[in-house]
Structure formats: structure tokens, C-alpha cells
Amino acid sequence: LEASFSVIRNDDGPVTGLITVLHDVTEQEKMDRERREFVSNVSHELRTPLTTLKSYMEALEDGAIVDQDLAPRFLKVTQNETDRMIRLVNDLLQLSKMDRQDLYIQTKDTDVTQWMNEVVDRFDMVVKDKNITFTRDFSEIPIHAVMDRDKMTQVVDNIISNAIKYSPEGGTVTVGSHIENGGAQIYIQDEGMGIPLKNQHKIFERFYRVDKARARNLGGTGLGLAIAKEIVVAHGGTINVSSEYHQGTRITIFLPSHFNPEAGDQSG
Ligand code: ADP
């Protein structure tokens, strides 16, 4: 603990008060450490779009470039991914201010199943060498949610990346969407190592990792789910984890069907 004192007096008159400010040094040290870790967190966030870019460029190099149908589509994906990386960096810089009020949500009515299909399609392309199978458990009934598509794509990308990262060779990742209370319930379920019950409530905290060494080896920094939570909460939604240690993890997101971010509607 650190203390600083200020004397209160009227002009040069008598001393009428004393202000004592106590600083929690360990809290200060923790903030400094978190700030230093920010650079490595940014690297992690850029990894997913870069991996996609690399896969598509390799596919182009392997012959897709002369395919009149594939080439423009693949180039479009690389363009979209680059754009998304730029927006991602902007989002991360916003997050670095550690000010939730700054998060700007630009919502549009979205067909959730169509959007989720596009996200999973992209991952199908990337995970070929890890032997992961994607199962789609999408509602037959169309689901609509009012959401910021880029930001929610960032959220789901992050959770699917985690599911892949923590999955065993040959594991299955199930991505689902269902209607709940008129809104959208989205879940991502893996067959990975799971998260012990005592750590589960912490995984949405910034920089929190269950197993630091392991997470670092896997390219993890502990920021992904913190960003995810801020974005979902800014949509008036919720995000939860249920996990069985050594059995698998399920992350569930709920997005309300009606939401007005301008009104600060958090009711869902
Ligand atoms: P990281 O960059 O480390 O993946 P996240 O914020 O995305 O950071 O996740 C925080 C921590 O939660 C991870 O380090 C990991 O310990 C745990 N975690 C997240 N998703 C999973 C999962 N699907 N299976 C097991 N553990 C997970």
C-alpha cells in the first residue's frame, strides 16, 4: 500500500483538512502487467483472419487462381478478411481503453442460420489439417436477430477457434441455433478437455486462462472471451459456459429479437 497526503487550506489561511489517498500497489502492478500483455493479445486476435487468408491464398496458388469461378470468390474472401482485420484492430484499440461505453454497435436484422452457415463454411476450409468435423444443428424455422454482424462474427469466430484449439484430433464441433423467447440461442459445443467448474466463471475475464502455459502454446492470450462478452452484452444478450472437465465445453449465446442499442435497452 502506498499513501499520499494533500493539505486543504483557504488561500494561505489555516489548514482546514487533510486528504489521504491510498494506492493499492498490487492493483497498480496488475494493471501494468495487463497493459504489457496487450500486444500479445492483439497478435492472437489477428491470427484467425490471417489463417483464413493463408488458406485461401494457398488454394489460389494450388490452382484456384486459374479457375474462373473460384478465383474471384477466393479473392473476395481475402479482401473481406483483410477488411475485417482492420475493423478488428479498431475494436481492440477500443477495448484497450477499457471503457465499455465506447463500444459502438451498428445493428441490422440478420438471418441467423444463413450467417452461421457462412461462418462454419469458412472454418470448414481452415481446419482440414486438424481433422475436425463440424456438425450443424440449425433450427428449421428461420431465426432473426438484430445484430452487428461484424462484431458478432468476431464473437463466434473466437469461440469456434477455441473449440478447435481445445479439441482432440478427430473431434467434432457442433454449432447450433434455436429460437428462444423469440430471440436467437446460438451454441458451440466441443469434445475437448473441458474447463474445471471452479474456473468456469472466470473465463470471460480479460486475460484469464485456465492453463496459462497451455493456452500460450495454443496461441491463446485470454482476451477472446472477454471481447466476446462485451460485444454480446452490448447487444442486450447473454453468454454462458457449461463444461464437463475432460468431456467438452459448450458456450451458449442468447441474442434478443428486439434490441435498441441507442436506448441502452439491456432488457432482452
Ligand atoms: P484464449 O486466448 O486463451 O483462448 P479466451 O478468452 O478465448 O482466451 O479463453 C479464456 C480461457 O478459457 C482459455 O485460456 C481456456 O483456458 C478456456 N477456454 C475457452 N474456451 C475453451 C474450450 N472450448 N475448451 C476448454 N477451455 C476453454
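Residues numbered from 1 in each chain as written. Predicted model: local features only at pLDDT ≥ 70, side-chain atom pairs only at ≥ 80, totals over all residues. Heavy atoms only, no water.

If you check an unreviewed UniProt entry, the protein chain appears there as histidine kinase from Geomicrobium halophilum.

Structurally, Gln106 can be placed in the loop between α2 (70-96) and β3 (108-111). Judged by its relative accessible area of 55%, Gln106 is exposed. Between the C-alpha atom of Gln106 and that of Lys151, which follows or precedes it by 45 residues, the distance is 8.9 Å. In this structure Gln106 touches Met147 and Asp148, once residues within four positions along its chain are discounted. (Helix = DSSP H or I, 4+ residues; strand = E, 2+ residues; numbered from the N terminus. Buried < 20%, exposed > 50% of the residue type's maximum accessible area, 1.4 Å probe, protein only. Contact = heavy atoms within 4.5 Å.)

Read from one edge to the other, the open sheet built from five strands follows the order β4-β6-β7-β9-β8, with strand pairing classed as mixed. Strands with a single pairing partner mark the edges of an open sheet, and in this sheet they are β4 (133-138) and β8 (238-244). Sheet twist, expressed as the mean angle between neighbouring strand axes with direction ignored, is 15°. (Pairing = 2+ DSSP bridges. Axes fitted to C-alpha atoms, helices over the stretch in contact; angles between N-to-C directions.)

To continue, consider the side chain of Asp190. Here Asp190 is to be found in the loop between β7 (183-189) and α5 (197-200). Polar contacts involving the side chain of Asp190 include one to the main-chain amide nitrogen of Gly192, which spans 2.8 Å. Those residues in contact with Asp190 that sit more than four places away from it in its chain are Ala163, Ser167, Thr172, Val173, Gln247, Gly248 and Thr249. (Polar contact = N/O pair within 3.5 Å; in protein donor to acceptor, adjacent residues only side chain to side chain.)

The next subject is the packing of aromatic side chains. One pass over the structure, following the stated rule, counts two aromatic pairs. Ring plane angle 80° and centroid distance 5.0 Å describe the contact between Tyr56 and Phe74, whose orientation is recorded as edge-to-face. Residue Tyr56 is located in helix α1 (residues 25-61), and its partner Phe74 is located in helix α2; the two are separated by 18 residues in the primary sequence. According to the relative accessible area criterion, Phe74 is buried, its value standing at 9%. (Phe/Tyr/Trp six-rings, centres within 6.5 Å; stacked < 30°, edge-to-face > 60°.)

To continue, consider the pattern of salt bridges. Taken as a whole, this structure holds eight salt bridges when the rule is applied. Salt-bridge contacts for Asp157 lead to Arg122; the nearest nitrogen and oxygen are separated by 3.1 Å. Placement of the pair is Asp157 in helix α4 (residues 149-165) and Arg122 in helix α3 (residues 112-126), with a sequence separation of 35 residues. On the basis of relative accessibility, which here comes to 3%, the residue Asp157 falls in the buried class. On the basis of relative accessibility, which here comes to 11%, the residue Arg122 falls in the buried class. When the shortest N-O distance is used, the salt bridge between Lys151 and Asp148 registers 3.6 Å. For Asp148, a relative accessible area of 6% gives the class buried. Connected through salt bridges with shared partners, the residues Glu81, Arg122 and Asp157 form a single ionic network. (Salt bridge = Lys/Arg side-chain N within 4 Å of Asp/Glu carboxyl O.)

Here the protein chain shows a mean pLDDT of 83. Residues at 70 or above account for 83%. Here helix α6 (residues 212-217) is the element of the protein chain with the lowest mean pLDDT, 58, and strand β9 (residues 248-255) is the one with the highest, 97. A low-confidence stretch, residues 264-268 (pLDDT under 50), is modelled with nine contacts involving residues beyond four sequence positions or located in other chains. Note on the complex model: pTM 0.70, ipTM 0.97. (pLDDT = per-residue confidence, 0-100.)

Attention now moves to the nonpolar core. Here is a general trend for soluble globular proteins: nonpolar side chains tend to be buried in one another's company. Counting 41 residues, the largest nonpolar core has Trp115, Phe134, Met152, Ile160, Val175, Ile188 and Ile253 as the members making the most contacts within it. With seven residues, α4 is the largest single contributor of residues to this core. (Core = buried A, V, L, I, M, F, W, Y, C linked by side-chain atoms within 4.5 Å.)

With a phi angle near 50°, Asn181 is a residue other than glycine that sits in the positive phi range. Structurally, the position occupied by Asn181 is in the loop between β6 (172-180) and β7. Residue classification places Asn181 among the exposed positions, given a relative accessible area of 72%. A positive phi angle is found at His246, which is not glycine, with a value near 70°. Tracing the sequence through the fold places His246 in the loop between β8 and β9.

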